[in-house]
Amino acid sequence: MKVWTIALNTFGSFLRNKLIILFVVLIACVVLLMMTPMLGMKAMTTASNAGQMQTLVLTEVSAIMSLVSGFGSLLAAWAAADAVAGEMKSGTILAVMARPVNRWEFLLGKFLGVMLMMAIYVALTFGLSYLLAWMGGERIQSTPWVLIVYPLVRYAIYASIAMLLVTFMHPVLSFGIVLVISVLAGMVTPTAQASSIFRPWLRNPLWVILPSTTLLSEDRFLSITQAALKQAGWLDHIITLAYGLDYAFVFLLLAIWSFHYRSLKRD
Amino acid sequence: MASPAIEFRNLTKIYRRRLAGQEIPALLDVSFDVFAGEVCAFLGPNGAGKTTSISILMGFLFADSGEIRVLGYHPGDVRAKQQIGFLPENFAFYKYLNAEKLLKFHFALSGGKPEDADKLIRELLYTVKLQGYENLKIAKYSRGMVQRLGIAQALLSSPQLIVLDEPTSGLDPAGRKEVRDLISALKAAGKTVFLSSHILSEVEQICDRAIIIDRGKMVRSGTMDELLGSGDRVEILANQLPEQMEPPLLEWGAAIEREAQGVRIAIDTARKREVAEMLWAAGCDVISIAPMRSSLEELFLKLVGSGGGPA
């Protein structure tokens, strides 16, 4: 009950957080800008170039969805860092922690507040992916739950990492480190083109340690054409999601442990 | 004597700046008790360690050494916090909430039943004179109103121990009097109040005991009578004092001060009638007889000086 009270209050604060509103507006603008050439391409489609144009449209749709998904990870990280740091900076944490609330309850409430906001972001992204597919003249073949659960698990990972970092460092620095982690995680994936810039002795440990966002990317299942649809069994889903949830859980536990020993004062 | 609500035993806290290699002692071997049912003031100049002590008491900071118990529990224990109402210095709030929503939020965190919230919140807002402003965003409140709201949230869960860090800060004289009356009412209800304040005249009026710290060390503690004198001496103001009367008065331990407007004679209360009759018999006028008691401000300045460390 107390955890949920904190989560709802955190979510309410996000709805009024100017930086987060700006962030979401920025994403919306970028998406709109990227949709313009897609609509242009669709308008120029003729019988002779239909196949080529269709490929371009689908590439564009995929790019937009990757971008929105990537922004979501950053949004989750920033919101998690800000949720804790904002309370410290304003001093509101003192009155809250004077209540019969355990430190783990406070942090878990903050985390759930972040995840509540990210759930709405995922719902919007879900709607956007169907809208884009419809505008591209195709339909998404993947099962809908995949497009909801996979990004949520990925956002949970980045939120928990940011939450751990912000228990002992400045939120901007925490966000920066999460940003580097997310970029590095994408680069060290064996299938990534950029992976060749790392030597194997560095790439392999990084690949093991860093969260595998490629594996947890809903893009894997966001196949628009039936031919490209990756068939994934339940076991594949369970193992992948268990890996992601485990990663998030471990970092959340570390954040709770670190926060337990943190001095609480107005920053 | 009642059991201690707060026990500090040899508490030491040192702030360390690892990068600069600096160590700043905030509290050094501080010990004191605050007993159940009393109103105890925690005094000291800026930087003396008051807020650090209160933060340790509330479980926000950790002491380097020493023992501390709050209502019999370790600081930060939810069983203790269940019975504590706390007003931080410069009470901070969620600007997007109004008073009613903020109090409902804190009430929920206290584990209160939602159906009990409305009535209690209405009563509290009435007590702190914020009725009619419950739907106004707190961001639009004056500093005094925010402070009143802070006091209301401290009283939300009907706590046994109320910890107030500068409760009258930002309040006008009428508001300060209301807080004094409120603290007196809490005392009458058997609550323990532990407060820090710079307004020593108020502390003198409402507190049973005071603890004075300076530069992290405790310099004095005791009941107001112990600190300021219990009135066991009186000051007699007479228009004159014949020279031959001085030796017997000095023998009785009197302090004599001759001034332009007359003579001040400080003497034990037990001898006041004797001295007054001697003065009348010698043809002197006794202008006044008043119990002697130094003010808390005088004592405070004597103990800690007029300066203080950084805020």
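What this report covers is the structure whose coordinates are included nearby. Everything numeric in this text was worked out from a predicted model, so none of it was measured. (Residues numbered from 1 in each chain as written. Chains lettered and ligands numbered in written order. Predicted model: local features only at pLDDT ≥ 70, side-chain atom pairs only at ≥ 80, totals over all residues.)

**A few points about the environment of Val78 of chain B**
Here is step 1: Tracing the backbone through its elements, the reader meets Val78 of chain B in helix H2 (residues 78-81).
Here is step 2: The exposure class assigned to Val78 of chain B is partly exposed, which follows from the 15 C-beta atoms found within 10 Å.
Here is step 3: With 32 residues separating them along the chain, Val78 of chain B and Ser110 of chain B place their C-alpha atoms 9.7 Å apart.
Here is step 4: With near-sequence residues (within four places) excluded, Val78 of chain B lies in contact with Pro100 and Asn102 of chain A. (Helix = DSSP H or I, 4+ residues; strand = E, 2+ residues; numbered from the N terminus. Buried ≥ 20, exposed ≤ 12 C-beta atoms within 10 Å, placed from the backbone. Contact = placed C-beta atoms within 7 Å.)

**Some points on unusual backbone geometry**
Residue and element names in this part refer to chain B.
Here is step 1: A positive phi angle is found at Lys129, which is not glycine, with a value near 60 degrees.
Here is step 2: Assignment of secondary structure puts Lys129 in the loop between helix H4 (114-127) and helix H5 (143-154).
Here is step 3: The partly exposed category is assigned to Lys129, around which 15 C-beta atoms lie within 10 Å.
Here is step 4: Although it is not a glycine, Glu166 sits at a positive phi angle of roughly 55 degrees.
Here is step 5: Tracing the backbone shows Glu166 in the loop between strand E6 (161-165) and helix H6 (173-188).
Here is step 6: Accessibility expressed as a C-beta count within 10 Å gives 19 for Glu166, which makes it partly exposed.

**A few points about the sheet that holds strand E4 (residues 65-70) of chain B**
Residues and elements named next belong to chain B.
Here is step 1: An order of E2-E1-E4 is seen for the 3 strands of this open sheet, with the pairing classed as antiparallel. Two strands bound the open sheet, and with one partner strand each, they are strand E2 (22-35) and E4. Between one strand axis and the next, the sheet turns by 20 degrees as a mean value, whatever way the strands run.
Here is step 2: Of the strand pairs in this sheet, strand E1 (residues 4-17) and E4 are connected by 5 bridges, and their pairing is antiparallel. Each bridged residue has a counterpart across the sheet, and for Thr12 the counterpart in E4 is Ser65. (Pairing = 2+ DSSP bridges. Axes fitted to C-alpha atoms, helices over the stretch in contact; angles between N-to-C directions.)

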